[in-house]
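# Tertiary structure, described
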There are 2 protein chains.
Amino acid sequence: MEERYKIDEVAKQCGLTKRTIRYYEELGLITPPERTEGGTRLYTRLHIERLKQIINARDVLGFSLQEITDFVALREQLAQSGDAYRQAEEVELKRSKLLEAGQMIDQQLRMIDHKLEKMKEFRKEIERLRKRVTEGLEKLQ
Amino acid sequence: MEERYKIDEVAKQCGLTKRTIRYYEELGLITPPERTEGGTRLYTRLHIERLKQIINARDVLGFSLQEITDFVALREQLAQSGDAYRQAEEVELKRSKLLEAGQMIDQQLRMIDHKLEKMKEFRKEIERLRKRVTEGLEKLQ
DNA sequence: TCCTCCTATAACGTTAACGTCAACGTTAGA
DNA sequence: TCTAACGTTGACGTTAACGTTATAGGAGGA
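Residues numbered from 1 in each chain as written. Chains lettered and ligands numbered in written order. Predicted model: local features only at pLDDT ≥ 70, side-chain atom pairs only at ≥ 80, totals over all residues. Heavy atoms only, no water.

## A closer look at the side chain of lysine 115 of chain B
- Residue position: lysine 115 of chain B is located in helix 5 (residues 88-140).
- For the buried lysine 115 of chain B, no salt bridge is present, and the opposite-charge side chain at shortest range is glutamate 67 of chain B, 6.6 Å distant.
- A distance of 2.4 Å separates the side chain of lysine 115 of chain B from the backbone oxygen of leucine 61 of chain B, its partner in a polar contact.
- Discounting residues that sit within four places of it in the chain, lysine 115 of chain B has contacts with Asp59, Val60 and Met119 of chain A together with Leu61 and Phe63 of chain B. (Helix = DSSP H or I, 4+ residues; strand = E, 2+ residues; numbered from the N terminus. Buried < 20%, exposed > 50% of the residue type's maximum accessible area, 1.4 Å probe, protein only. Lys, Arg positive; Asp, Glu negative; His and termini not counted. Salt bridge = Lys/Arg side-chain N within 4 Å of Asp/Glu carboxyl O. Polar contact = N/O pair within 3.5 Å; in protein donor to acceptor, adjacent residues only side chain to side chain. Contact = heavy atoms within 4.5 Å.)

## Details of the pattern of salt bridges
- Summed over all chains, the structure comprises 24 salt bridges over all chains.
- Salt-bridge contacts for arginine 41 of chain B lead to glutamate 25 of chain B; the nearest nitrogen and oxygen are separated by 2.9 Å. Linking arginine 41 of chain B in strand 2 (residues 41-42) with glutamate 25 of chain B in helix 2 (residues 18-27), this pair joins segments that are 16 residues apart in sequence.
- Residue classification places arginine 41 of chain B among the buried residues on the basis of a relative accessible area of 18%.
- A salt bridge links arginine 58 of chain B to aspartate 59 of chain B, with the shortest nitrogen-to-oxygen separation between them at 2.9 Å.
- Overall, arginine 58 of chain B belongs to the partly exposed group, its relative accessible area being 27%.
- Among the charged side chains, a salt-bridge network with shared partners connects Glu2, Arg4 and Glu34 of chain A.

## A few points about the protein's contact with DNA strand C
- With respect to spatial proximity, 20 residues lie near DNA strand C, and among them Thr17, Tyr24 and Thr36 of chain A together with Arg22 and Arg41 of chain B are the closest.
- Considering DNA strand C, the proportion of its atoms within 4 Å of the protein that are sugar or phosphate atoms stands at 78%.
- Between DNA strand C and arginine 19 of chain A there is a distance of 3.0 Å, counted from a base oxygen to a side-chain nitrogen or oxygen.
- Side-chain polar atom of arginine 35 of chain B to a phosphate oxygen of DNA strand C: 3.0 Å apart, as the coordinates give it. (Near = heavy atom within 4 Å.)

## Notes on the interface of chain A and chain B
- With 43 residues of chain A in contact, the opposing surface of chain B contributes 43 residues.
- Each partner contributes to the roughly 4300 Å² buried at the junction of chain A and chain B, and carbon and sulfur atoms together form 75% of this total.
- The interface formed by chain A and chain B contains 6 salt bridges.
- Among the ionic pairs, aspartate 106 of chain A bridges to arginine 130 of chain B, the shortest N-O distance being 3.8 Å.
- Applying the counting criterion to the chain A and chain B interface returns 6 residue pairs in polar contact (both at pLDDT 80 or more). (Buried area = accessible area lost by both parts, 1.4 Å probe.)

## A few points about the packing of aromatic side chains
- A complete count under the given rule lists 6 aromatic pairs over all chains for this structure.
- On the numbers, 5.8 Å between centres and 35 degrees between planes, the contact of phenylalanine 122 of chain A with phenylalanine 71 of chain B is tilted. Placement of the pair is phenylalanine 122 of chain A in helix 5 (residues 88-140) and phenylalanine 71 of chain B in helix 4 (residues 65-80), with the two residues belonging to separate chains. Side by side, phenylalanine 122 of chain A and phenylalanine 71 of chain B carry an identical accessibility label, which is buried. (Phe/Tyr/Trp six-rings, centres within 6.5 Å; stacked < 30°, edge-to-face > 60°.)

## Focus on the UniProt feature "domain: HTH merR-type" (unreviewed entry) in chain A
- The residues that UniProt annotates with the feature "domain: HTH merR-type" (unreviewed entry) are residues 4-74 of chain A.
- Helix makes up 61% of residues 4-74 of chain A and strand 6%. Its end C-alpha atoms lie 27 Å apart. (UniProt positions renumbered as here; feature names shortened; annotations may be inferred.)

## Details of the nonpolar core
- Ranked by size, the top nonpolar core spans 73 residues in total, and within it Ile21 and Leu51 of chain A together with Ile21 and Leu51 of chain B carry the most contacts.
- Not counting the four nearest positions on each side in its chain, leucine 51 of chain B is found in contact with Val10, Cys14, Leu16, Ile21, Tyr24 and Ile30 of chain B. (Core = buried A, V, L, I, M, F, W, Y, C linked by side-chain atoms within 4.5 Å.)

## Examining the domain arrangement of chain A
- Taken domain by domain, chain A consists of domain 1 (1-65) and domain 2 (81-141).
- A C-alpha centroid distance of 25 Å is found between domain 1 of chain A and domain 2 of chain A. (Domains from an automatic or database assignment.)

Structure (structure tokens):
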């Protein structure tokens with residue numbers, strides 16, 4: 001396997017423009033893909049999955065690209081810290097990093113729960129509106 | 001009762017700036033408040049409630065101000081159409097308006113449900129991250 | 001009445017998130 | 001090999017959603 005995709009293919013699969021994809025790379029939201037000798041970008045499935053996640057965070061959660069950047073950085077921190085704590089001094093450092101990451105994650109969780117609740121409230125509001133419309137239509141006939 | 005608030009008070013209660021409040025009025029997101037003889041805006045509780053709803057739609061649902069404007073217009077349509085269908089010709093008009101409104105509302109409902117689902121997915125993703133952090137901390141001690 | 005703080009309008013400035021255009025090199029098929 | 005279609009890098013343009021500044025006039029307490 002190990003299939004590679006050029007930027008136009010990726011754009012169509014994700015519903016983004018080519019410009020946007022390059023822009024996201026520029027911001028560090030996705031890792032720079034391989035290139036051909038001529039400079040053409042060659043993306044993998046992972047890139048596409050990542051882009052779809054970003055679109056989700058952007059559209060559904062309303063995150064700014066800056067917030068997503070921070071989040072991506074956090075994930076990378078965690079990915080890196082999986083290994084390499086051979087030295088005793090590093091242990092304390094790693095612990096504090098993990099604690100900090102935990103704080104941030106908990107904060108994100110609280111924020112998401114808050115959004116979920118507000119969104120459910122909003123849904124009920126909309127349902128009330130629909131009920132009024134339905135009743136209005138019934139009255140008409 | 002019928003208490004009135006000046007713009008700075010409203011700004012503090014809503015967590016907005018005065019500029020933003022005037023801007024939202026300019027866009028038609030809130031009805032223009034009464035004025036004193038000198039021109040000072042005097043807001044009611046209703047204005048404040050409305051502003052809080054707008055903030056919710058903006059921050060939680062990620063709606064653009066344009067989308068909120070449309071939504072506000074829809075609500076007003078429905079509020080108006082509660083009465084006044086004395087003439088026979090108006091009945092058909094009202095029916096079509098109600099049908100159109102119903103379409104839009106259903107669309108909104110589907111969109112919200114979609115967002116709710118995606119948000120829950122995202123929440124699980126974050127929880128997985130937290131689990132990894134917790135496990136990492138346990139391994140350290 | 002005066003003085004200080006608040007408010008109003010108008011107009012220009014700013015930032016994020018891309019769009020668009022130009023100028024040029026790359027790919028790949030006939 | 002040639003060429004049409006696609007890709008690359010700047011660089012400037014655009015829009016939404018306000019911020020900021022300037023200028024001028026109201027509110028209200030001593």
